[in-house]
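As a plain string of letters, each chain reads:
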Amino acid sequence: VNVNPSLLKTTLRALVATQDHEWTCDEVASYLDRYIEQRIEGTIEATPENKLIDEHLGLCPECREECEAVIRALRNG
Ligand SMILES: [Zn+2]
């Protein structure tokens, strides 16, 4: 496979740029499992993902509700 170096650079730049933006609900959902596991264990790792999820949950009642509901369900189960 031939990788075009300038295309690769553009892709990497796009990936890095994404890190600075708020996540969408879909992006949060794809990492929420891990986040919830850590919440239940009581130790949230200081990863960029967790930071973005924290930020998103502070801004998005929908995701916060879903997150809290799953945590409640797991704790009660
Ligand atoms: Zn959301």
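Rules behind the numbers
Residues numbered from 1 in each chain as written. Predicted model: local features only at pLDDT ≥ 70, side-chain atom pairs only at ≥ 80, totals over all residues. Heavy atoms only, no water. Axes fitted to C-alpha atoms, helices over the stretch in contact; angles between N-to-C directions. Helix = DSSP H or I, 4+ residues; strand = E, 2+ residues; numbered from the N terminus. Left-handed = near helix turned anticlockwise from the far one by under 90°. Contact = heavy atoms within 4.5 Å. Nonpolar A, V, L, I, M, F, W, Y, C, P; charged D, E, K, R; others polar. Donors = N, O, S within 2.8 Å, 3.2 Å for Na, K, Ca; no water. Tetrahedral: all angles 85-135°; square planar, octahedral: opposite > 155°, others 65-115°. Buried < 20%, exposed > 50% of the residue type's maximum accessible area, 1.4 Å probe, protein only. Expected span 1.5 Å × (residues − 1). Bend = angle between axes of the 7 residues up to and from the residue.

Colleague: Account for the packing of helix α2 (residues 25–41) against helix α4 (residues 61–76), naming residues and giving values.
Modeller: Across the interface, α2 lies against α4 with an axial gap of 10 Å and an inter-helix angle of 35°. The interaxial crossing formed by α2 with α4 has right-handed handedness. Contacts between α2 and α4 involve Cys25, Leu32, Tyr35, Ile36, Arg39 and Ile40 from the first element and Cys63, Cys67, Glu68, Val70, Ile71, Leu74 and Arg75 from the second. Looking at side-chain class alone, the contact of α2 with α4 contains 10 nonpolar, no polar and 3 charged residues.

Colleague: Tell me what's going on with the coordination of the zinc ion, and back it up with residues and numbers.
Modeller: Protein-derived ligands of the zinc ion are Cys25 (SG), His56 (NE2), Cys60 (SG) and Cys63 (SG), with the metal-ligand distances lying across 2.0 to 2.3 Å. One can describe the site at the zinc ion as tetrahedral: its 4 donor atoms subtend angles covering 104 to 112° at the metal. Look at where the donors of the zinc ion fall in the sequence and you get C-x30-H-x3-C-x2-C. Across the pair, Cys63 and His56 agree in class, each one buried.

Colleague: Could you give an account of α2, naming the residues involved and the relevant values?
Modeller: Here α2 is 17 residues long and its end C-alpha atoms lie 23 Å apart, about the 24 Å a rise of 1.5 Å per residue gives. Roughly 50° is the biggest bend found in α2, and it falls at Tyr31. Taken together, the buried positions of α2 are occupied by Val28, Leu32, Tyr35, Ile36 and Gln38. On the buried face of α2, the contacting elements are α3 (48–59) and α4.

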